[in-house]
Amino acid sequence: MSAAERFIHEALEVIIDEAVKKATDVQEKVCDWQSPEKLRELLDLELKDGGESDSKILQHCKNAIRYSVKTSHPRFFNQLFAGLEPYSMVASFITEAVKTSLYTYEVAPVFTLMEDAVLKKMMELIGWDEGGDGIFNPGGSMSNMYAVNLARYRFCPDIKEVGLYNAPRLVMFTSQEVSGHYSISKAAALLGLGTKNVYAVPSDDRGKMIPSALEEKIELARSEGAVPFFVNATAGTTVFGAFDPVDEIADICERHSLWLHVDVSSFTHSLFILRLNVLRHTVFFQSLLQRCHSAKASYLFQQDKFYDVSYDTGDKSVQCSRKPDAFKFWLMWKALGSSELERRVDRALAMARYLAQTVKKREGFHLLMKPEYANVCFWYVPPALRGLPDGPELWRKLHTVAPVIKERMMKTGSMMIGYQTHGDKPNFFRMVVINPQVSKQDLDFVLDEIHSLGKDLR
C-alpha cells in the first residue's frame, strides 16, 4: 500500500468515527463552542514553508470535525439540514475521488447521463410531458439568479450582446418575506438591474403573498414608467414555511405577460424534503438555458466531435466547472426509491404536527401560528414573565429571551435552534423538522432544554 493510500484509509476511519458515528449520537454535543480567538489557537492555522507528518495532518482532520457544528445531529435545528444521508455522502466521496466536472460528455460521461436522468424524472413529476431543460446549481440564490437572467433574456434578448444601455427600466416583484426578497435582491444587484427595481409585495399574517397587492405593485411600477417582467413566488418560505397562492399569482402574470418563477429552494428541495450533504437546487426552463448562456468556447464545445454534442451541457451554465451533484440525488433515489422519499415527507410533516401540538400543551410555550408545513415557530415565556399582560412591556422582555437561551445552548452544546423576529413580533424560535433521524423524544428534549436553560430569565 502506498503512503497516499494508507493516509486515505486512516483519514476515512477518522471520518467514520468522528463525523458519522459521534456526529449523529444524541449523547454527543451538537457543537463544541469556542470563541474565534480561542479557536484560532486550537486549530494551529498558520501555513508554513515545511510540511507536517501524516499523524499531525490526521489530528488537524480530527480537530476540524470536533470543532465544527454537527449539522447531522438529531438535535440540530438551526438551519434546513436533514441529517446524515449515507448514500449521498458516499456519492460525495466518489465525485471528489474521480475529480471531474460537468461541462462536456467526454470528461464526465457517467454523471452527465445521471443528471439527465434525474432532471427527466423530476420534469415527469412536475407534469412536463413534452420535456424541457434544467440544471443543478450550488444553492437557491444561484437558482433564482438563473431564473431572473433567463426571464430578462426572454424579455430583452439583445441585452446578452449590447448590455443594459438601451434597455428600459426593468422591475421585478417578490414577497416581502425575507426568503424571497433576499436572493432576488442579490440577483438584481449582480445582474445590474438594481435593488431598487425589486418591488416587495406585502404578505398576509401567515407570510403568503397577497395577490391583490401584487396587482397594485404592477400598476404602480407602470405608472412610474417602469417595465415589469418577472414575479417571484415562493413555495415554502424560510421562516413560516408558507406557500404563496401560485394559481392566483399565475393568473395575474398571464394577464400582464410576466414571467412567473416559483422558488422552492427555501424549503421543498426539488419536490421532496431533501437536504444532501451540500445544498443543491435545481432550476427548470424550457429551452432557454443554452441560448441565454452559451459563449461557444472553442476549446471545450467543438461542434465536430465524434459523439452527440447535445450532451455537452456546460455551455448552458454560468459556471464552467460544475460539480456533479446530481449523482448524490441519483444514488440516494436509487437506494431509497420514490416511495421511501414520499414516506420521509409524510413523516416530516407528522413530526412537525407533533411538535406543534406539544408546544400548545406546554405551559410557557406559545405557537405563533398553526404550521402550514414543517416549520414550527414558537415563543418560550419564562415563569417570571407569565403574569405580565400582553403588551409592550411583555414583548420588550420576551424579545431578549431567545438570544440568551441560544447562547446557553451553544455553550453547553446540547442542541441548536434558530431564532429571529418577524415584522413587529419579538424574537421567537423557529424549528424545521426534516431530519429523518429525529424522534419524538428529541423534540420533547428540545422543549425541556429550552425551559431548563431559560426558566430563570426575567
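Before going into details, it helps to say that this report is about the structure given with it. Bear in mind that the values here come from a model prediction, so they are computed numbers and not experimental data.

## Section: the sheet that holds strand 11 (residues 425-432)
Part 1 of the reasoning: Strand order in the open sheet formed by 5 strands is 1-10-11-9-8, and the pairing between neighbours is mixed. Each edge of the open sheet carries a strand with a single partner, namely strand 1 (76-77) and strand 8 (365-367).
Part 2 of the reasoning: Of the pairings in the sheet, the one linking strand 10 (residues 416-422) to strand 11 comprises 4 bridges and is antiparallel in character. Following the sheet pairing, G418 is matched in strand 11 by R430.
Part 3 of the reasoning: Contacting strand 1, strand 8, strand 9 (375-380), strand 10 and strand 11, helix 15 (residues 440-454) crosses the sheet at an angle of about 25° to strand 9.

## Quick look at the pattern of salt bridges
Once their charged atoms are close, side chains differing in charge can pair, the charge on each being opposite to the other.
Part 1 of the reasoning: Enumeration over the complete set of coordinates arrives at 23 salt bridges.
Part 2 of the reasoning: For the salt bridge of E115 with R322, the shortest nitrogen-to-oxygen distance reads 2.7 Å. Of this pair, E115 sits in helix 5 (residues 109-126) while R322 is found in the loop between helix 11 (288-293) and helix 12 (326-361), placing the two residues 207 residues apart along the sequence. We note that E115, like R322, is buried.
Part 3 of the reasoning: The salt bridge partner of E224 is R169, with a shortest N-O separation of 3.9 Å. Pair noted here: E224 is in the loop between helix 9 (211-223) and strand 5 (227-234) and R169 is in the loop between helix 7 (159-162) and strand 3 (170-175), with a separation of 55 residues, a long-range link.
Part 4 of the reasoning: Since its relative accessible area comes to 34%, R169 is described here as partly exposed.
Part 5 of the reasoning: Through salt bridges with shared partners, a single network forms among E85, E340, R343 and R344.

## Things to note about the sheet that holds strand 4 (residues 198-201)
Part 1 of the reasoning: Strand order in the open sheet formed by 4 strands is 4-3-5-6, and the pairing between neighbours is parallel. Since the sheet does not close on itself, it has two edges, and those belong to strand 4 and strand 6 (259-263), each with one partner. Pairs of neighbouring strands in the sheet enclose a mean axial angle of 25°, with direction left out of account.
Part 2 of the reasoning: Bridging between strand 3 and strand 4 involves 4 bridges; their strand directions are parallel. Directly across from S175, in strand 4, lies its bridge partner V201.
Part 3 of the reasoning: Each of strand 3, strand 5 and strand 6 touches helix 6 (residues 140-155); the most contacted strand, strand 5, lies at about 150° to it.
Part 4 of the reasoning: Sheet contacts for helix 9: strand 3, strand 4 and strand 5; angle to strand 4, the most-contacted strand, approximately 150°.

## Remarks on the packing of helix 5 against helix 12
Part 1 of the reasoning: Taken N-terminus to C-terminus, the directions of helix 5 and helix 12 make an angle of 60°; their axes are 9 Å apart at the nearest point. Comparing the axis directions of helix 5 and helix 12 gives the class oblique. As helix 5 packs across helix 12, the resulting crossing turns out to be left-handed. Here F111, M114, E115, V118, K121, M122 and L125 of helix 5 lie close against helix 12, whose contacting residues are A326, F327, F329, W330, W333 and S338.
Part 2 of the reasoning: Grouping the constituent residues of the contact of helix 5 with helix 12 by class yields 10 nonpolar, 1 polar and 2 charged.

Criteria and thresholds
Residues numbered from 1 in each chain as written. Predicted model: local features only at pLDDT ≥ 70, side-chain atom pairs only at ≥ 80, totals over all residues. Heavy atoms only, no water. Pairing = 2+ DSSP bridges. Helix = DSSP H or I, 4+ residues; strand = E, 2+ residues; numbered from the N terminus. Contact = heavy atoms within 4.5 Å. Axes fitted to C-alpha atoms, helices over the stretch in contact; angles between N-to-C directions. Salt bridge = Lys/Arg side-chain N within 4 Å of Asp/Glu carboxyl O. Buried < 20%, exposed > 50% of the residue type's maximum accessible area, 1.4 Å probe, protein only. Parallel < 35°, antiparallel > 145°, perpendicular 65-115°, else oblique. Left-handed = near helix turned anticlockwise from the far one by under 90°. Nonpolar A, V, L, I, M, F, W, Y, C, P; charged D, E, K, R; others polar.

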